[in-house]
Structure formats: structure tokens, C-alpha cells
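Below are the chains, spelled out letter by letter.
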Amino acid sequence: MTVNNVIIVGGGLVGALAGCYFAKRGWDVSVYEKRADTRLEKNRLKKKSKSINLSISTRGLSAVERLDPELLKKVASITVPAYGRMVHEIGGKTVHAIRYSENGDYTSAVNRDILNQVLLTQLETYKNVKVYFEHKLETCDLKSKTARFRDLTTGECINTRADLIIGADGAYSKVRQRLQSSTRINLEQKYIDHAYCELLMQPKNNEFALDPDYVHIWPRETFLLLALPNIDKSFTCTLFMPLETFDSIQTYDDLVHFFEKNFPDTIELFGEEALKRYFENPKGDLFYIKTNPHHYSGNGLIVGDAAHCTVPFYAQGMNCGFEDIETLDVFLVEQAKMASAAKVSGANQDDDDDDDDVKTNKLTPQQIEAALIKYSACRPKDSAAMIDLALYNYTELRSGVNNPMVTVKIFMERKLSYWFPNLFCHLYSMVSFSKLSYSEATRRWKEQNRMINSIIMTSIGLSATVLGLGVLKISGPRLSQTTELLKLFNSKSM
Ligand code: FAD
């Protein structure tokens with residue numbers, strides 16, 4: 001055989017993108033997806049989706065663009081841009097907008113199924129791809145690079161083999177389980193005590209019910225309602241709450257009472273029918289999984305949620321999964337270039353060559369392994385950092401935006417990044433609008449936090465001194481308040 005072949009388990013967002021990349025590089029690609037093809041009308045109603053709306057940002061878009069700039073245009077056409085957060089305060093009357101950046105940066109809200117369908121359609125444009133819907137992985141052996149699938153329509157089993165097996169089979173990945181039995185893999189999994197439920201807010205008079213330029217949030221300290229715009233002018237709203245709060249809402253009256261108390265401005269916008277969906281719609285668990293390494297030899301690799309399922313509070317799960325695929329492609333292309341440079345005796349490898357047209361066929365097992373080793377040297381660390389940022393952001397989203405101290409700090413972070421772009425960069429921008437690795441973004445953010453804390457402490461110290469000198473008699477209580485403020489600031493910084 002003159003080309004490599006790859007089995008991809010899972011034709012979700014990350015698996016479909018991975019399939020496109022391998023096909024573009026000339027590999028023979030087989031994608032096995034246990035669900036039916038949702039592009040077919042007859043299958044649409046059967047499908048129960050976990051989440052129907054996602055936010056795609058720089059990392060995700062970059063991976064799409066590297067694959068094919070035309071595909072990026074198609075993806076852009078199914079998204080709605082959001083330029084910041086609109087915070088709905090308790091009581092329902094006051095809202096305030098916080099722009100993501102001073103440069104007009106935006107994230108793009110996209111329907112998960114539509115995006116998946118666009119990627120599957122792209123996948124099928126490559127002649128060297130075969131997609132098997134309704135085929136479920138039963139087991140695989142990464143040592144022998146074999147896999148067994150069950151055709152769910154006939155019940156038949158198919159045994160197959162490839163040069164490389166990619167597990168893109170999501171949070172409950174079977175390939176990850178098999179990886180654990182093939183190699184020493186560290187795994188950390190944790191459920192958080194919160195879950196989520198989605199509700200749809202339909203358009204009002206054929207227009208968006210809320211300002212579509214923003215992601216809307218209703219932060220309520222221990223829980224949060226979030227709304228993302230859809231291209232059909234509806235909003236997908238997600239209620240993130242502790243499990244016991246979900247349990248406490250048993251009847252429609254309970255629900256209305258809860259919304260009247262916490263989100264009164266939304267009751268009319270949802271309407272009774274949409275609100276009642278609360279009782280039918282699934283309550284999704286929230287958990288994370290970190291794994292390291294992500295590969296076994298040159299034989300197998302897990303990507304996307306299979307490798308690093310996260311809580312969704314930084315909107316980075318899919319973005320990180322797409323970045324996995326771009327990173328993998330970079331390392332495979334690097335191997336291919338080294339191989340072709342070695343063939344041409346005495347020729348110097350030109351690192352500046354455009355990667356676009358490079359075909360990576362046919363790599364030896366050692367070359368594939370070399371790429372996977374490089375991959376596992378960075379992605380486990382970076383995806384773990386992404387998960388930590390998502391856990392942190394849940395606190396910031398539901399309570400930080402209500403806390404004047406945190407707001408001041410975010411404001412300073414943003415202004416400093418605008419005035420001194422070489423010294424400071426707002427965390428949200430580093431995560432959502434740059435391709436700086438998640439671990440490096442975290443490192444820089446912590447360093448910046450220390451600097452901002454010093455600025456604040458110095459300012460407060462100076463003010464206290466001035467106050468102390470001016471109003472000597474009441475300086476005691478004020479200074480002790482100041483100390484409390486400093487403690488609060490220090491405890492908020494990580
Ligand atoms: P999945 O999307 O889970 O796809 C896995 C595929 O594998 C599925 O199609 C499944 O049917 C198939 N499969 C599973 N087992 C088998 C088997 N045995 N055989 C064959 N096929 C199999 N991320 C963002 O970037 N931005 C967001 O705004 C965002 N919001 C989110 C909101 C919520 C509420 C949640 C829960 C997640 C959110 N995410 C977001 C995360 C994002 O949904 C995931 O990171 C992303 O879907 C992962 O894609 P994946 O392809 O790795 O896994």
C-alpha cells in the first residue's frame with residue numbers, strides 16, 4: 001500500500017474535522033459513528049442532543065481555516081457574532097454590557113448539529129473517505145491496531161485494521177478505556193455538584209428577544225442562566241445550577257416562583273410552553289477528565305472530549321478539540337517534510353514551505369510515533385490548563401461579575417492590555433482570541449495578577465496613608481476595612 005490508513009472512532013465535531021485533515025493529507029480514512037446521519041430528514045427526530053449551541057472562537061476557527069479557507073466561510077455563514085457579555089442583574093431591570101475587548105473581538109455562536117453537518121459534508125467531499133453511520137465501536141486493540149464495530153442496522157460485526165486508530169468518541173470514550181489497558185495512562189475525573197438544562201427562547205415578532213450582539217448572563221452567585229443567539233433568531237439558554245436546586249423544582253408553580261425570584265425579565269420572553277420544557281429536557285451532568293499521555297506508541301491517539309472532557313464555562317471544549325487536530329496535523333506534516341527532505345540527498349529541508357499541499361503519505365510507524373510523542377508532550381498539559389481555566393471561570397461568571405472588586409480587577413486587566421499590549425493581555429483574550437497555549441496563557445495571567453495586585457495594594461496603601469494623615473481619628477476602622485479589601489483581592493487571585 002502506498003498510503004497510510006486511519007480509523008476514526010466518532011464522527012462528532014472533532015472526529016469529522018480529524019477525518020477531513022487526514023483525507024487532505026492523502027490518508028485512506030474510515031470514520032465510524034454510532035449515531036445515524038442527522039443530515040437525513042428521517043433521522044433528525046430520533047436524535048437527542050446534549051447541547052445545541054456552542055461558541056467557536058480563534059482556536060476552533062484557526063483549525064477550520066488551516067484545513068480549508070472556503071470551509072471557514074461556510075462556518076462563518078452559520079454563526080452569530082457576540083461581542084461581549086450582557087449581565088442581567090437581579091430584579092430584572094438593570095443590564096450592563098461588558099465588551100470582550102477594546103478591539104471589537106467577538107466569539108461566534110453556532111448550532112452544534114448544523115456545524116457537525118457542515119463538517120460531515122466537507123468530509124464526504126474527499127474521495128479517500130468512507131463514513132459508516134450507525135456503526136458502534138465494540139472494542140479495539142491498540143497493540144495490533146485492530147477494531148471491531150457493530151453495524152447497528154443489521155447487527156453484524158466488522159473487524160478491521162489500520163495504521164493508526166484515533167479515538168474521537170467523546171466523554172465516555174471506549175478508545176480511552178482501551179488506551180488505559182495498553183499503556184500507563186494517568187487519568188483524573190471529577191463530577192462537579194452542578195448540572196445543566198437547556199431552554200429555548202423563541203424570537204419575538206420575528207426578531208431576537210434579546211440583543212443578539214451579546215452572550216446574556218444572569219449571574220446568581222450559586223447558579224447562572226446563560227443565553228446564546230442562534231441564526232434563526234432564537235436564543236439557546238442554559239441553566240447551570242447545583243443538583244439540589246434542580247431537585248427542589250418539582251412543579252410548574254415551583255419553576256415560575258423560582259424564575260420570578262431570579263430571572264423575572266425572562267418569564268415573558270420564554271413563555272409558558274418553553275418554560276415547561278424544563279421538565280422534559282435532560283439535565284446534563286458536568287464533569288471533567290484529564291488524561292496523560294494521549295497516545296499509545298505510533299498506533300493510537302485520543303482527541304477532543306475523549307482526551308479532555310471539560311466543564312463548559314470557558315466555551316473551549318470543542319475549540320480545544322479542534323486545536324488538537326491542527327496540532328496533530330502540524331506534527332504529521334513536519335514528519336512528512338523531514339522524510340521527503342531525507343530522501344532528496346543533500347537537500348535542505350525548507351521549514352518555511354507552505355503546509356497546505358503537503359501529503360503525508362506514506363509515513364512509517366516510527367514517523368507516526370515521533371509525531372504522537374510530540375503531540376503528547378504538549379496537548380495533555382494544555383488541555384489540563386484549559387480545564388482548570390473553565391473551572392475558575394464558573395466562579396467568575398456566576399459571582400465574579402457581581403463582585404465590584406473582581407470587576408475592578410478585570411477592568412484594570414483590560415485597560416492595561418490596551419495601554420501596554422506587550423506587557424499585559426486580558427485572560428479572556430488570551431484564551432478566546434489568541435492561539436497562545438492554554439498553559440502559557442495561565443502562566444502569564446498569574447504573573448499579571450501578581451502585578452495588578454501590587455498596583456492595587458500600593459494604591460490602597462497610598463490612599464490609606466493620605467487618609468490616615470488627614471483624618472487621624474477615624475483611621476483605625478478605615479485601615480482595617482482596607483485590609484479586608486486586600487485580603488479579598490488576594491484570595492481572588494490564583
Ligand atoms: P462529541 O461531540 O461527544 O462526539 C463524539 C462522537 O462519537 C459522537 O458523535 C458519538 O455518537 C460518537 N461515539 C461515541 N461512542 C462511540 C462508539 N462506541 N462508536 C462509534 N461512535 C461513537 N465547547 C466549545 O468549544 N464552545 C462552547 O460554547 C461549548 N459549550 C458547551 C456547552 C455545554 C452545555 C456542553 C455540555 C459542552 C459544551 N462545549 C463547548 C463542549 C463541546 O460540546 C465538546 O467539547 C465537543 O462536542 C467535543 O467534541 P467531540 O467530537 O470530541 O465529542
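Residues numbered from 1 in each chain as written. Predicted model: local features only at pLDDT ≥ 70, side-chain atom pairs only at ≥ 80, totals over all residues. Heavy atoms only, no water.

Comments concerning the overall build of the chain
The line we're drawing: Secondary structure is summarised from DSSP: a helix means a run of H or I of at least four residues, a strand means a run of E of at least two, and numbering begins at the N terminus for each. Atoms counted for the radius of gyration: C-alpha only. Globule rule: 2.2 Å times the number of residues to the power 0.38. Throughout, a contact is declared for two residues whenever any of their heavy atoms are within 4.5 Å.
Per the secondary structure count, the chain includes 16 helices and 19 strands. Taken over the C-alpha trace, the chain has a radius of gyration of 25 Å; the compact-globule value for 494 residues is 23 Å, and the two agree within 12%. Taking the principal axes of its C-alpha atoms as reference, the chain extends roughly 85 × 60 × 40 Å. Contacts spanning at least 24 positions in sequence make up 72% of the contacts within the chain whose residues lie at least 6 apart.

Remarks on the site of the ligand
Our working definition: We call a residue near a molecule or strand whenever a single non-hydrogen atom of that residue lies within 4 Å of it. Pairing of N or O atoms within 3.5 Å defines a polar contact, subject to two protein rules: one partner must be a possible hydrogen donor and the other a possible acceptor, and residues neighboring in sequence count only if both atoms are side-chain atoms. Using the Shrake-Rupley algorithm and a 1.4 Å probe, accessible areas are obtained, with residue cover drawn only from the displayed protein chains. By the convention adopted, Pro, Cys, Tyr, Trp, Phe, Met, Ile, Leu, Val and Ala count as nonpolar, Lys, Arg, Asp and Glu as charged, and the other residues, Gly among them, as polar.
Around the ligand sit 28 residues, and of these Glu-33, Arg-35, Ser-55, Leu-137 and Asp-305 come closest. One of the side-chain N or O atoms of Arg-35 is found 2.9 Å from an oxygen atom in the ligand. Computed on the free molecule, the ligand has an accessible area of 1,000 Å², of which 91% lies beneath the protein chains in the complex. Elements that contribute at least two residues to the shell around the ligand include exactly α1 (13-24), β2 (28-33), β3 (53-56), β9 (135-141) and α11 (317-343). For the shell around the ligand, a count of residues per class yields eleven nonpolar, ten polar and seven charged.

Let's talk about the domain arrangement of the chain
Formally: For the domains described, the bounds stem from an automatic or database domain assignment. Buried area: the accessible surface (1.4 Å probe) lost by two parts on joining, summed over both.
For the chain, the assigned domains read domain 1 (5-328) and domain 2 (405-494). Counting residues at the interface gives 20 residues for domain 1, matched by 16 residues for domain 2. The contact between domain 1 and domain 2 buries some 1,600 Å² in all, and 53% of this surface belongs to carbon and sulfur atoms. Broken down residue by residue, the surface that domain 1 buries against domain 2 is led by Arg-59, Glu-102 and Tyr-314, which jointly contribute 41%.

With respect to the packing of α1 against helix α3 (residues 58-67)
Rules: Angles shown run from 0 to 180 degrees and are taken between the N-to-C directions of axes, each axis being a line fitted to C-alpha atoms and, for helices, limited to the stretch in contact. Should an angle fall under 35 degrees it is taken as roughly parallel, and over 145 as roughly antiparallel, whereas 65 to 115 is taken as roughly perpendicular and any remaining angle as oblique. What makes a crossing left-handed is the near helix being turned counterclockwise from the far one by less than a right angle; a clockwise turn instead makes it right-handed.
Two elements in contact, α1 and α3, have axes whose closest approach is 10 Å; the angle formed by their N-to-C orientations is 30°. The orientation of α1 with respect to α3, classified from their angle, is roughly parallel. Along this stretch, α1 crosses α3, giving a crossing that reads as left-handed. Contacts between α1 and α3 involve Leu-17, Cys-20, Tyr-21 and Lys-24 from the first element and Ala-63, Arg-66 and Leu-67 from the second. Across the contact of α1 with α3, the residue classes tally to five nonpolar, no polar and two charged.

Quick word on the side chain of Ser-55
Using the following cut-off: Three exposure classes are used, based on accessible area relative to the maximum for each residue type with a 1.4 Å probe and protein chains only: buried under 20%, partly exposed in between, and exposed over 50%.
Considering the arrangement of structural elements, one finds Ser-55 in strand β3. In this structure Ser-55 comes out as buried when scored by relative accessible area, which is 13%. Contact partners of Ser-55, with chain neighbours within four places excluded, come to Thr-107, Ser-108, Ala-109, Leu-228, Ala-315, Met-318 and Asn-319.

Some details on a nonpolar patch on the surface
Note the threshold: Patch rule: a residue counts if its relative accessible area is over 30% and it has no salt bridge; like charges are joined within 9 Å, and nonpolar side chains (Val, Leu, Ile, Met, Phe, Trp, Tyr) within 5 Å. The term salt bridge refers to a pairing of a side-chain nitrogen on Lys or Arg with a carboxyl oxygen on Asp or Glu at a separation within 4 Å.
Taken together, Tyr-418, Trp-419, Phe-420 and Leu-423 make up a surface patch of nonpolar side chains, about 490 Å² in accessible area. Mapping Leu-423 onto the fold places it in the loop between α13 (404-419) and α14 (427-432).

Describing the pattern of salt bridges
Tallied over the full model, the rule gives 23 salt bridges. Note that Asp-37 and Arg-39 form a salt bridge whose closest N and O atoms lie 2.8 Å from each other. Across the pair, exposure class does not vary: Asp-37 and Arg-39 are buried alike. Where salt bridges share partners, they join Arg-25, Arg-66, Asp-329, Lys-337 and Asp-355 into one cluster.

Some remarks on the sheet that holds strand β4 (residues 79-82)
Short version of the rule: The rule for pairing is simple: two strands pair if DSSP sees at least two bridges between them.
Read from one edge to the other, the open sheet built from three strands follows the order β3-β7-β4, with strand pairing classed as antiparallel. Both edges of this open sheet fall to β3 and β4, since each of them pairs with a single strand only. If you compare each strand with its neighbour and ignore which way they point, the axes differ by 30° on average. Relative to strand β7 (residues 107-111), β3 is paired through four bridges, and the arrangement is antiparallel. Residue pairing for β7: Leu-54 is matched across the bridge by Val-110.

Observations concerning the side chain of Thr-38
Secondary-structure assignment places Thr-38 in the loop between β2 and α2 (41-44). Within polar-contact distance, the side chain of Thr-38 engages the side chain of Gln-117 at 3.2 Å.

Overview of the packing of aromatic side chains
What counts, and what does not: In summary, the pairing rule links any two rings of Phe, Tyr or Trp, Trp by its six-membered ring, whose centres are within 6.5 Å, and it sorts them by plane angle into stacked for under 30 degrees, edge-to-face for over 60 and tilted for everything else. Consider the ring centre and the ring normal. A charge sits over the ring if Lys NZ or Arg CZ is within 6 Å of that centre and within 35 degrees of that normal.
Taken as a whole and assessed by the stated rule, the structure comprises 24 aromatic pairs. With a centroid separation of 5.6 Å and an interplanar angle of 25°, the aromatic rings of Tyr-314 and Tyr-428 are classed as stacked. Here Tyr-428 lies in helix α14 and Tyr-314 lies in the loop between α10 (305-308) and α11, a separation of 114 residues in the sequence. A residue is classified by how much of its surface remains accessible, and Tyr-428, at 10% relative accessible area, is buried. Aromatic rings pair up to connect Phe-223, Phe-258, Phe-259, Phe-263 and Phe-270 into one cluster. The ring of Tyr-252 is capped by Lys-276, whose NZ or CZ atom sits 4.9 Å from the centre of that ring. The aromatic ring of Tyr-278 is capped on one face by Lys-283, whose charged end is 4.6 Å from the ring centroid.

As for the pairing of strand β12 (residues 164-167)
Of the two faces of β12, both are covered, the one formed by Leu-164 and Ile-166 as well as the one formed by Ile-165 and Gly-167. In this structure, β12 lies alongside strand β19 (residues 300-302), joined through three bridges in parallel fashion. Its bridge partner being in β19, Gly-167 is matched across the sheet by Ile-302.

Considerations on the nonpolar core
Where we set the bar: Residues belong to one nonpolar core when they are buried, are Ala, Val, Leu, Ile, Met, Phe, Trp, Tyr or Cys, and are joined through side-chain atoms within 4.5 Å.
If you look at the biggest cluster of nonpolar residues, it comprises 52 residues, and the most contacted ones within it are Ile-8, Phe-22, Val-29, Ile-166 and Phe-322. Ignoring any residue separated from it by four or fewer positions in sequence, one finds Phe-322 in contact with Leu-13, Val-14, Leu-17, Ile-56, Gly-60, Ala-63, Val-64 and Leu-119. One finds Ala-82, Leu-286, Val-311 and Ala-441 within the second-largest nonpolar core, a separate group that totals 34 residues.

Points about the sheet that holds β19
Reading across from one edge, β8-β2-β1-β12-β19-β18 is the order of the six strands in this open sheet, with mixed pairing throughout. Each having just a single partner strand, β8 (129-133) and β18 (295-296) make up the two edges of the open sheet. With respect to the sheet, helix α12 (residues 365-398) is in contact with β12, β18 and β19, its orientation differing from that of β19 by roughly 25°.

Quick look at the packing of α1 against helix α5 (residues 112-123)
Packing of α1 against α5 leaves a shortest axis separation of 9 Å and a crossing angle of 20°. As summarised for this structure, α1 and α5 are arranged roughly parallel, according to the angle between their axes. Taken as a pair, α1 and α5 cross one another with a handedness that is left-handed. In contact with Leu-13, Ala-16, Leu-17, Gly-19 and Cys-20 of α1, α5 contributes Arg-112, Leu-115, Asn-116, Leu-119, Leu-120, Gln-122 and Leu-123.

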